[in-house]
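# Observations on the model geometry
Each chain is listed here by its residues.
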Amino acid sequence: MDSGQVLQRRKRDIPVIRPRASDENQLLVSAKSLELSKVIRLLEDPLTANLKERHLFVLKKLLKRSQIGFTLKDLTGVAKILNICAEKGKDHPEYLSILCEALEICGLPFLKEKSSDELTYAKDVIEFLSHMGCLMRVSDVEVRQQIVESVKIFYSCVAPKHLLDGTARLTKTKPRTLPSENRFSRLSLRLQPTSPGYRLQLLERSDLAQTLLLSMAALENQTAIKLQLLQTLLILSGSSDLNCASMLRAGGAGTVCLHMNEPDASGQVLFCSSEILWNLLERGNKAEVTAQLSSMECVISLKEAFLYKLINGVHHSDLQLRNDLLVITTLLADNPNSLLIESLFAKQLVVLATFPERKSQNSLVGDLKLNFNHDDLKMKKLLLNLLVLMSKDLSALQLYKDEMVMLSLLMLVKPPAASSGRRSCSRCWSSVQQEELMLQALATLATIAPLMLDDFMTCQGNACLLLVLDWCVTQDSYFGQGHSFHGTGGRGSKKAQMRHCIRVLRSVTLLDEESVNQDLCDQGLIHQLVGVLMQMEASPDEEDIVTVEIKSDIQLILSALCESNMHRKELFGSEGVEMTVHFLKKGSDKFYSGLGHNKLILSTVDCVWSCIVGCYTTEDYFLAKEGGFLLLELLSSSPRCVHCNILAALLELCDNPNTLSHILSWRGDGGQTAPGLLLQLWREEEEEELKVSRNKHGGIADPKRPILSVYQDEDPQLSFSSNEPSPAVLELAESLRSKIYSIFCKLGFQDLPGLSTNHFVTMSVVRRYLDFKVGEVWDEISRELSSEGVRPISPDEEALSTICKIAEDTARRVVAEQNSILEQRRKEEVSEEELVYSEIKSHWKQRELTAKTWDNYVSKTSNFHTLKEVKAQREKQSESCRPKAEDAAGRLTQHFIGKVVSVETTDALGPAGVKVTIARASINSAGQDREGAARHDQEYFSTVSVKD
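Just so it is clear, the model here is predicted, and its values are computed rather than measured. (Residues numbered from 1 in each chain as written. Predicted model: local features only at pLDDT ≥ 70, side-chain atom pairs only at ≥ 80, totals over all residues. Heavy atoms only, no water.)

### So, the overall build of the protein chain
Rules: Think of it this way: any DSSP run of H or I at least four residues long counts as a helix, any run of E at least two long counts as a strand, and we number them from the N terminus. Between buried and exposed lies partly exposed: a residue is buried under 20% and exposed over 50% of the maximum accessible area for its type, with that area taken using a 1.4 Å probe on protein chains only. Note on contacts: a residue pair qualifies if any of its non-hydrogen atoms lie within 4.5 Å across the two residues. Accessible areas in this description were obtained via Shrake-Rupley with a 1.4 Å probe; residue shielding takes into account the shown protein chains only.
The helix and strand tally for the protein chain stands at 46 helices and four strands. The buried share among the 948 residues of the protein chain stands at 46%. Nonlocal contacts in the protein chain, meaning residues at least 24 apart in sequence, comprise 75% of its contacts between residues at least 6 apart. Summed over its atoms, the accessible surface of the protein chain is roughly 48500 Å², and 53% of this surface lies on carbon and sulfur atoms.

Here it is in structure tokens:
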């Protein structure tokens, strides 16, 4: 069988009748598929397996017909043909040229006949791409180079442009573009290239990136191909998270790191390797990358690469690569399993971190010259940051001692005015660079100084920090740039320096090392910090997050210094009390401002507790400045998270006998008293936080669990270790109830002002809180013994049962007391209601009498007949009351006339609203007319003074 027969047989299968236009493409594709299967059979059939010339002829013709790309449905057959050519190429190199041509076509977009083909043949495409990577096993240089080039071209249409441009710069050539439009113009209109997104998704789901990575081990002597492979891996990892994950599954980070120092005349292998590691860190699993790089071999490889660039780097790109390697090393230092110290890389990094402030005898820095440019500054800051990360390993501290890291850091933190005596090399840093290094060194000291207190004190670290603090508060011409991360919020001032200086002082003082704290107090730190606080409060600048943080940190330092030393509390004195009162007066209005006022409030309360309470002098002055009132006001207005601290401070303050009168005399909004506020907090704690079972009046609902919270009731754990507190004991420290009970023990439980019935109901529980808590603890003991199957001896069992019964009986008595209080209140409400009803009844009766009087008055003044009748009745009454003639004869010479003494008006309507007081005086009679006038006046006044 020759090639002509094959063609003749194909022609014989074509029908004579020309197909319709709609079926033309289907028939062509079917013929092509049939031809592809025949080619595979030709290559695999034992009878034709050795016909090399015929194979090459058929394969060349097949590739010629596929110059525009392979169709999706043919990829399975193409993969078989590529595999056969790779196998035959071992003995016959002619097949390798065919393989290269086929691989070149593989770089073109695959073709589809219908839109549904992309979904139908997706699995075939994934398998084809994975198989394409497996062809890297062929040892031929051209084949491997073509595979890498085809993958790069295949990915070029979807890879980011900057990656392709970077690769082109590395190879000094432009990346190969896709076939031109003229080439695709020969493509049948019924075949369309697949979309770029489709190719990207399928390539990500294949094992191509992983296979290419694993093939690096076979490229030991092929440096040029290795560089091209690294460039391809850089493109694959730079724009796909899935490719990075696939590479990491094959140990990509470790593999790239181990090959990064191999000989390379172009110097681009190290660059590509570092970029690939960056992509894996950014797009892959950071923990997995650091774990792969933490092996001894990888750490040594990183060390060699970094030191090579440190010594030989001249150009800007070399310095950037040096810093990039240092950043990768920084990420390794954050991994506790890294071997930086064992590989001696850490020792060299520590030596570099102290350069140039301290001249070392180490050969590494003997001939090292810095240009003090931006890249060198970045390296210096990265080295200082490495000191912080490596300090997590305590074995690194010995390296710090040997290389005098503490002295180098303290030299960096000296203020500019105090650093004029530094060595000439340190003056090469510009003022902006010195500011950044000063801030970075302060941030480093905040972590390292607590770990190296001996070195810190030997180098007079306290004096250096106080010098920096004094420089921060002085007014001079210094202008902070605030460009660095640590300089945030300090532009145009020394606020950033003060912030980090205070942080270092806080980290040192909170260790409660007596020698360090005493040295700070001897140098006047307490008065200095109080002065700084008041100076910041007097500043007209608006508060920001940095300022609030500085204030709260200063108060924490004062609390740490004065907490357990009476003499230091006396040094805190009246100035400190006034400072504390000043911050308490601010209240909690800005608690949720987001600037850190919540921390400032807590630190202020802690300052009261640690610096004032315990010293009668400062306590009395604090009470004289109404500090007790301010604490109660803060307690009433602040969120619950602050209540525990405030109550603790109040409880300690109650040991002063002058405190109780201040607490009892306090009045809040609406006339609320301190006992009422405490009982209100108790009820809120039980209802909202602890979910204690209570009835609608706040009384005990279950006498068996009078104060048991729902969390304790739901806790299934019944057995506890000897050093683990039980829930009943733990609740004493976490809830507010124990502190409120203790305060009432100081105030008393009787004759407290401003309490309502609900308060008295709650007070009955508060009074018995200790009894209930004791019973709760014994109940826990009983349940724990029962769960462990332990039976006490009979006397102990009887005593345990009696104690539990007493607690329940106490709860029942409290319930009865609460019911009595509520019943008494109910009776008082009924009595008050009856009184109100009687007042309402009396009021309505008075209104009826007033209305009746008014109607009578109106009828007399508006109706003449009625007036005549009233007058007749009055004359009749006067006649009946008139004295006899002989009695009247002696009084004819005397008459009485009314004199108005006063007139009062009331709220009633009509004449009833006028109350007239008349005084009567006797006069001599002057005639009948005068007597008639007197009678008329009497009648008038008697009319207008009618009340009923």
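### What about the pattern of salt bridges?
Any two side chains of opposite charge can pair, so long as their charged atoms come close to each other. Rule in force here: Salt bridges are defined by distance alone: a side-chain nitrogen of Lys or Arg within 4 Å of a carboxyl oxygen of Asp or Glu.
This structure, assessed with the given rule, holds 41 salt bridges. Here glutamate 537 makes a salt bridge to lysine 551, at a shortest N to O gap of 2.4 Å. Remark: lysine 551 occurs in helix H30 (residues 545-562) and glutamate 537 occurs in helix H29 (residues 525-538); sequence separation between them is 14 residues. In terms of burial, glutamate 537 and lysine 551 fall into one category: buried. Two residues, arginine 737 and glutamate 731, come together in a salt bridge whose shortest N-O distance is 2.8 Å. As far as the burial class goes, arginine 737 and glutamate 731 line up, both buried. Look at the salt bridges and you will find they share partners, linking Glu686, Arg694, Glu731, Arg737, Lys773 and Glu776 into a network.

### Some remarks on the packing of aromatic side chains
How two aromatic rings sit relative to each other is set out by the distance from centre to centre and by the angle between their planes. The following threshold applies: Geometry of aromatic contacts follows a simple scheme: Phe, Tyr and Trp rings, the Trp one being its six-membered ring, pair when their centres are within 6.5 Å, and the pair is stacked under 30 degrees between planes, edge-to-face over 60, tilted otherwise.
Applying the stated criterion across every chain yields a total of ten aromatic pairs. With a centroid separation of 5.0 Å and 80° between ring planes, the pair formed by phenylalanine 591 and tyrosine 592 is classed as edge-to-face. Classification of phenylalanine 591 by relative accessible area gives buried; the value is 7%. Geometrically, the ring pair formed by tyrosine 741 and phenylalanine 749 is tilted, given 6.3 Å between the ring centres and 35° between the ring planes.

### Brief notes about the packing of helix H31 (residues 566-584) against helix H32 (residues 597-612)
Each packed pair of helices is defined by two parameters, the angle between the axes and the distance between the axes. Condition: Here the axes come from fitting lines to C-alpha atoms, over the contacting stretch only for helices, and the angles between their N-to-C directions go from 0 to 180 degrees. An angle counts as roughly parallel when it lies under 35 degrees, as roughly antiparallel when it exceeds 145, as roughly perpendicular when it falls between 65 and 115, and as oblique in every other case. The hand of a helix crossing depends on one turn: near helix anticlockwise from the far one by less than a right angle means left-handed, and clockwise means right-handed. For this classification, Asp, Glu, Lys and Arg are treated as charged, while Ala, Val, Leu, Ile, Met, Phe, Trp, Tyr, Cys and Pro are nonpolar and the rest, including Gly, are polar.
Where H31 contacts H32, the axes come no closer than 10 Å and their chain directions differ by 150°. With respect to H32, the element H31 is oriented roughly antiparallel. Handedness of the crossing formed by H31 with H32: left-handed. Seen from H31, the contacting residues are Lys569, Phe572, Val577, Met579, Thr580, Phe583 and Leu584; seen from H32, they are Leu600, Thr604, Cys607, Val608, Ser610, Cys611 and Ile612. Its residues assigned to classes, the contact of H31 with H32 comprises ten nonpolar, three polar and one charged.

### Quick word on the packing of helix H37 (residues 674-690) against helix H40 (residues 737-747)
In the contact formed by H37 and H40, the axes pass within 10 Å of each other and the chain directions differ by 160°. Considering the angle they form, H37 stands roughly antiparallel to H40. With respect to the hand of their crossing, H37 and H40 are arranged in left-handed fashion. In this structure, H37 uses Pro675, Leu678, Leu679, Leu681, Trp682, Glu685, Glu686 and Leu690 to contact H40, whose residues at the interface are Arg737, Ile740, Tyr741, Ile743, Phe744 and Leu747. Residues that form the contact of H37 with H40 fall into these classes: eleven nonpolar, no polar and three charged.

### Regarding the nonpolar core
Operational definition: Throughout this description, the term nonpolar core refers to a set of buried Ala, Val, Leu, Ile, Met, Phe, Trp, Tyr and Cys residues connected via side-chain atoms within 4.5 Å.
Ranked by internal contacts, the top residues of the largest apolar core, which has 231 residues, are Met390, Tyr400, Leu558 and Phe572. Residues in contact with methionine 390, not counting those within four places in the same chain, are Ala333, Leu340, Ala346, Leu349, Val350, Ala396 and Tyr400.

### Here's the deal with the side chain of threonine 618
Operational definition: The definition of a polar contact used here is a pair of N or O atoms within 3.5 Å, where within protein one atom must be able to donate a hydrogen and the other to accept one, and adjacent residues in sequence count solely through side-chain atom pairs.
Relative to the elements of secondary structure, threonine 618 occurs in helix H33 (residues 616-624). At 2.9 Å, the side chain of threonine 618 and the backbone oxygen of isoleucine 612 are in polar contact. Other than its neighbours up to four places away in sequence, threonine 618 contacts Lys569, Gly573, Val577, Cys611 and Ile612.

### A few points about the environment of valine 774
Inspection of the secondary structure puts valine 774 in helix H42 (residues 769-787). Since its relative accessible area comes to 40%, valine 774 is described here as partly exposed. Between the alpha carbons of valine 774 and alanine 807 there is a distance of 8.1 Å; along the sequence they are 33 residues apart.

### Things to note about helix H21 (residues 374-390)
Put simply, the test is: Here a helix's expected span is defined as the number of its residues, less one, multiplied by 1.5 Å.
Compared with an ideal rise of 1.5 Å per residue, which puts 17 residues at 24 Å, H21 spans 24 Å between its outermost C-alpha atoms and is within 8% of the ideal. Sitting at the head of H21, asparagine 373 places a side-chain oxygen 3.3 Å from the backbone nitrogen of aspartate 375.

### Comments concerning the confidence of the model for the protein chain
When pLDDT drops low, the exact placement of atoms in the prediction is not to be read closely. Here is the rule we go by: Confidence of the prediction at every residue is given by pLDDT, a number between 0 and 100.
Averaged over every residue, the pLDDT of the protein chain is 83; the share at 70 or more is 83%. When the criterion is pLDDT under 50, residues 1-34 qualifies, and its contacts beyond four places in sequence or with other chains add up to 26 contacts. In this model, residues 922-948 is a region of pLDDT below 50 whose contacts with residues beyond four sequence positions or in other chains number 34 contacts.

### Quick notes on H33
What counts here: By arc we mean the arc of the directions from the helix axis to the C-beta atoms, nothing more.
Those residues of H33 not exposed but buried are Thr618, Glu619, Phe622 and Leu623. Angular distribution of buried residues about the axis of H33 spans 135°; they occupy a single face of the element. Exposed positions of H33 whose direction lies more than 90 degrees from the buried face are Tyr616, Thr617 and Ala624. In the core, the buried residues of H33 are packed alongside H31, H32, helix H34 (627-637), helix H35 (640-653) and helix H36 (659-665).

### A look at the side chain of aspartate 375
Threshold: We score Asp and Glu as negative and Lys and Arg as positive, and we do not count His or the chain ends.
On the secondary structure map, aspartate 375 appears in helix H21. At 5.9 Å, arginine 322 is the nearest oppositely charged side chain to aspartate 375, a buried residue that forms no salt bridge. Look past the residues within four positions of aspartate 375 in its chain and what remains in contact with it is His316, Leu319, Gln320, Arg322 and Asn323.

### A look at the state of the cysteines
The criterion, for reference: Cysteine sulfurs are considered disulfide-paired once they come within 2.5 Å of each other.
Summed over all chains, the structure comprises zero disulfides. Take cysteine 464: it sits in no disulfide, and the sulfur closest to it among the cysteines is that of cysteine 501, at 8.3 Å. For cysteine 464, a relative accessible area of 8% gives the class buried.

### A closer look at unusual backbone geometry
A cis amide bond links phenylalanine 355 to the next residue, proline 356, at an omega of 5°. Despite not being glycine, glutamate 626 shows a phi value in the positive range, around 65°. In this fold, glutamate 626 is placed in the loop between H33 and H34. For glutamate 626, a relative accessible area of 46% corresponds to the partly exposed category. Unlike most non-glycine residues, lysine 691 shows phi in positive territory, near 55°. You can see lysine 691 is positioned in the loop between H37 and helix H38 (710-714).

### Observations regarding the environment of arginine 137
Secondary-structure assignment places arginine 137 in the loop between helix H7 (122-134) and helix H8 (141-156). Arginine 137 sits 81 residues away from alanine 218 along the chain, and the two C-alpha atoms are 7.8 Å apart. When near neighbours in sequence (up to four residues on either side) are disregarded, arginine 137 contacts Asn83, Ala86, Glu87 and Arg144. Within the structure, the side chain of arginine 137 is placed 2.6 Å from the side chain of asparagine 83, a separation counted as a polar contact.

### Concerning the environment of asparagine 50
You can see asparagine 50 is positioned in the loop between helix H2 (21-44) and helix H3 (52-65). Considering only alpha carbons, one finds asparagine 50 and lysine 88, 38 residues apart in sequence, at a separation of 9.9 Å.

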